[in-house]
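# Structural overview
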Amino acid sequence: MSFINYAQREINCKIVYYGPGLCGKTTNLQYIYNKTNPEAKGKMISLATETERTLFFDFLPLSLGEIRGFRTRFHLYTVPGQVFYDASRKLILKGVDGVVFVADSQIERMEANIESYENLRDNLQEQGYSLDKIPYVVQYNKRDLPNAAPITELEEVCNPKKVANFEAVATKGVGVFDTLKAVAKLVLTELKRGG
Amino acid sequence: MTNQLVMYEEELSQINDVCDQLHRDSNAKAVLVIDKNGQAIAAAGEVESLDVTSLSSLTAGNVAATGGIASLLAEKEFSGQFHEGERTNVHISIVAGRVILVVLFDTRSSLGLVRLRVKRASTELTRILDELVRKSQSNPSSAILAEITDDDIDNLFND
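Residues numbered from 1 in each chain as written. Chains lettered and ligands numbered in written order. Predicted model: local features only at pLDDT ≥ 70, side-chain atom pairs only at ≥ 80, totals over all residues.

## Quick look at the sheet that holds strand 6 (residues 99-105) of chain B
Residue and element names in this part refer to chain B. Heads up, the rule is: In this description, strands pair whenever DSSP reports at least two bridges between them. In DSSP terms, a helix is any run of H or I states spanning at least four residues, a strand is any run of E spanning at least two, and both are numbered starting from the N terminus. Helix axes are fitted only over the stretch in contact, all axes being lines through C-alpha atoms; the angle between N-to-C directions runs from 0 to 180 degrees. Each residue is represented by a C-beta atom placed from its backbone, and any two residues with such atoms within 7 Å are regarded as in contact.
Here five strands make up an open sheet; going across it, the order is 3-2-6-5-4 and the pairing antiparallel. Since the sheet does not close on itself, it has two edges, and those belong to strand 3 (40-45) and strand 4 (80-83), each with one partner. Averaged over all neighbouring strand pairs, the angle between strand axes comes to 15 degrees, with direction disregarded. Where strand 4 lies against strand 5 (residues 89-95), four bridges are found, and the strand directions are antiparallel. Within the sheet, the bridge partner assigned to Q81 lies in strand 5 and is I92. Along the sheet face, helix 1 (residues 9-25) touches strand 2 (30-35), strand 3 and strand 6 and points at about 35 degrees away from the line of strand 3. Contacts from helix 3 (residues 111-138) reach strand 4, strand 5 and strand 6, with the element oriented near 150 degrees to strand 6.

## Details of the pairing of strand 4 (residues 54-67) of chain A
All names here are of chain A. In this structure, strand 3 (residues 45-48) lies alongside strand 4, joined through three bridges in antiparallel fashion. Pairing of S46 across the sheet is with D58, part of strand 4. With nine bridges connecting them, strand 4 and strand 5 (residues 70-78) associate as antiparallel partners. The residue bridging D58 from the neighbouring strand is T78, located in strand 5. A loop of two residues connects strand 4 with strand 5, the two strands running antiparallel in sequence, and R68 in this loop sits at a positive phi of about 45 degrees.

## Brief notes about the interface of chain A and chain B
Here is the rule: Nonpolar residues are Ala, Val, Leu, Ile, Met, Phe, Trp, Tyr, Cys and Pro. Charged residues are Asp, Glu, Lys and Arg, and all others, Gly as well, are polar.
With 38 residues of chain A at the contact, the number on the chain B side is 33 residues. Along the lines of polarity and charge, the residues of the side of chain A that touches chain B split into 17 nonpolar, 12 polar and nine charged. Taken together, the three bridges between strand 1 (residues 3-5) of chain A and strand 1 (residues 5-7) of chain B define a ladder with parallel strand orientation. Within the sheet, the bridge partner assigned to A:N5 lies in strand 1 of chain B and is B:M7.

## What about the confidence of the model for chain B?
We apply this condition: Along the chain, pLDDT gives the predictor's confidence residue by residue, from 0 to 100.
This prediction gives chain B a mean pLDDT of 91; 95% of its residues lie at or above 70. Taken over the whole predicted complex, pTM reads 0.92, whereas the ipTM for its chain interfaces reads 0.86.

If you want it as structure tokens, here you go:
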């Protein structure tokens, strides 16, 4: 749910990075945080376990600049990817404006990708959203690994709706900003359309 | 998308007034009003040293998690929370099912006083929020959003 603040001339939107455990959602946010000017970002918060697995969410507030005198601010969240944190994932999806589905390209993680994609679809539906309507993009992460599956194969299972997809190596920043820009653009376009 | 939250000058100023008064009446350190999705709406008191954005997001996460616990226990919601610290205490309540009212206070105040003042402020906030919903529903298409062009959006992403 976007928040249009006429009094402070701000447009606020929420983007959620979704995907199976260890696919690189937090790494995406960390890279964005490290490469963004201090004045355009707030503090990055990670609610993680002692072994640095996301427990509840990561949060990164970003300011992208002005449109017609309105500051556009995006709140980026990740969900915990591990299967048993489903209740937390549902909470984080509340009020979402755009979704990035981060798939793990490794062939061994194909099942986990499918499970997470179906979980995203179901949890969105539970909140009254639909993958047909909500702005979302797909990112195929870990493209540098030798066991990465071919894109065509990943597309078949992770992107049946054929939305925009991006190849990424989040640890090195490859594709990270392209993914963010694409989803932010979709969210603003949807807002403009009066979504 | 559903239930877009819109804030206008007039209502924000009224919400700020309620925060200021609650801050004074309850001897609080600071008062925050946060949207349930974690966006800060208004703040009063000693907020310069606070990271309001982070506090807002974490408080909303906390309220959401508590709401999740409530529904598991077949409760509608837990409308209030209190966190006791060594120097700062936090009183969190949900107002009109829509926003979160946070009061940070220390030994200059007490939980009883905060609870009492929050009650009055909540009534005021509910009235303002109801008016806000009515107003945004009667002006569903906002001019600024309709005026945005594809080029405006593209320009935002030009490096």
